[in-house]
Amino acid sequence: MSSAPHKPLVYIISAPSGSGKSTLVKELLKLVPDLDFSISYTTRAPRGSEQNGKQYYFVSRSEFDKMVREDEFLEHAEVFGNCYGTARRFLRDAEKNAHDLLLDIDVQGAEQIRCKLPDAVSIFILPPDRKTLEERLRKRSEDREEVIQRRLVTASREIQNYGRYNYILINDRLPESIEMLRAIVCAKRCLRDGQPLTGACGETMKIADRCRLANVSDRLKPILASFESAIESGAGQSLVTVLGVANHTASAFRGTMVRQVFGGHERPPGAPTFGTQKKSHYWGRES
Ligand code: ADP
Ligand code: 5GP
């Protein structure tokens, strides 16, 4: 008698660049067995010590477009002016090997996966505040100043999507963050496997629950405010410089940014609110 095919649990992880996502994912993969990492395809050039087939598959634009035409991607999107995509074959392989699958994708990709795989578990990683994000981007020393400034501005837009994720992980102290991420992944496995929710599973569920929106709401407020006040106080000037907007339009431009970044999200009940409340979305795309 053949048993039902394994249905992989799919975990989506999104975060503003520099929040510590790669660091956390690397540690998670060491701790959790039978969890595959989907290596994305990208048209961007390798950074630092990145190797083809390890962090990404680095492909040309024409190779990427061919994969799109041949429907090889589960999702794909343009981020920071480059194309990124998740190959369907990673999901097929996880199914075949009875593994689960982890996707490190941006907010646009996350939305596409939610539509196709509504059971996917989504996790949004946040830095403790904007200043820390900036420090981490600099500490990584992989990007030019202009790129760091662009990433900070994009972060302000991306974080507005936090409410669409099942879990929010504030990456402050690394060991705690690793433990919380492990708990989120394992909690879902406990439920899938019908394990008794006592003992180790019960503990894991409790830790994971601390990352539910309702339970992080108070900690979120100052984080979001740090991004908002940076824009209001003129950190948007950097964006103005980056985008080459003339000085006399700078304050009008900053006003637009404040409206776009902090008025663009329909918040779930209980979530902190900022600024005006328009219902359009800003997906964190570089414009
Ligand atoms: P991302 O993948 O989100 O772009 P990285 O994992 O590359 O970010 O992390 C950016 C920098 O921040 C790296 O230098 C990393 O070592 C550091 N970092 C990550 N998490 C923490 C943390 N919890 N505390 C201090 N530094 C951290
Ligand atoms: P980086 O170039 O810094 O590695 O990644 C930039 C952004 O692209 C990150 O937010 C990362 O999560 C996202 N990303 C990486 N791979 C994919 C993918 O396959 N699809 C989508 N939509 N985003 C991706």
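A brief look at the structure comes next. Only a predicted model underlies this, so the values are computations on that prediction, with no experimental measurement involved.

This next bit is on the nonpolar core. Of all hydrophobic cores here, the largest spans 39 residues; its most connected members are I12, Y41, I113, F124, Y162, I168 and L220. Considering every element that reaches this core, the biggest residue donor is helix α9 (residues 213-243), with six residues. Each of domain 1 (15-33 + 112-275) and domain 2 (35-98) contributes no fewer than three residues to this core. Core analysis: the next-biggest nonpolar cluster, separate from the first, contains 27 residues, L24, V121, M180 and C186 among them.

Assignment of secondary structure puts E72 in the loop between α2 (61-69) and β5 (73-79). For E72, a relative accessible area of 33% translates into the label partly exposed. For the pair E72 and A87, spaced 15 residues apart in sequence, the C-alpha to C-alpha distance is 5.7 Å. Sequence-distant contacts of E72, defined by excluding residues within four places in its chain, comprise M67, T86, A87 and R88.

Our focus in this paragraph is the site of ligand 2. Around ligand 2, a shell composed of 17 residues is seen, among which K21, S40, R44, Y56 and Y84 lie nearest. The contact in question runs from an oxygen atom of ligand 2 to an N or O atom on the side chain of D104, over 2.7 Å. About the coverage of ligand 2: the protein hides 95% of its 510 Å² of free accessible area. For the shell around ligand 2, a count of residues per class yields six nonpolar, four polar and seven charged.

This brings us to the state of the cysteines. Scanning the model with the defined rule gives one disulfide in all. With a sulfur-sulfur separation of 2.2 Å, C190 is cross-linked through a disulfide to C201. The chirality of the disulfide connecting C190 with C201 is left-handed, given an S-S dihedral of about -90°. Of this pair, C190 sits in helix α7 (residues 174-192) while C201 sits in helix α8 (residues 199-209); the two residues are 11 residues apart in sequence, bridging distant segments of the chain. Exposure class is identical for C190 and C201. Each is buried.

Procedures and definitions
- Residues numbered from 1 in each chain as written.
- Chains lettered and ligands numbered in written order.
- Predicted model: local features only at pLDDT ≥ 70, side-chain atom pairs only at ≥ 80, totals over all residues.
- Heavy atoms only, no water.
- Core = buried A, V, L, I, M, F, W, Y, C linked by side-chain atoms within 4.5 Å.
- Buried < 20%, exposed > 50% of the residue type's maximum accessible area, 1.4 Å probe, protein only.
- Helix = DSSP H or I, 4+ residues; strand = E, 2+ residues; numbered from the N terminus.
- Domains from an automatic or database assignment.
- Contact = heavy atoms within 4.5 Å.
- Near = heavy atom within 4 Å.
- Polar contact = N/O pair within 3.5 Å; in protein donor to acceptor, adjacent residues only side chain to side chain.
- Areas by Shrake-Rupley, 256 points an atom, 1.4 Å probe, with all protein chains shown as cover.
- Nonpolar A, V, L, I, M, F, W, Y, C, P; charged D, E, K, R; others polar.
- Disulfide = S-S within 2.5 Å.

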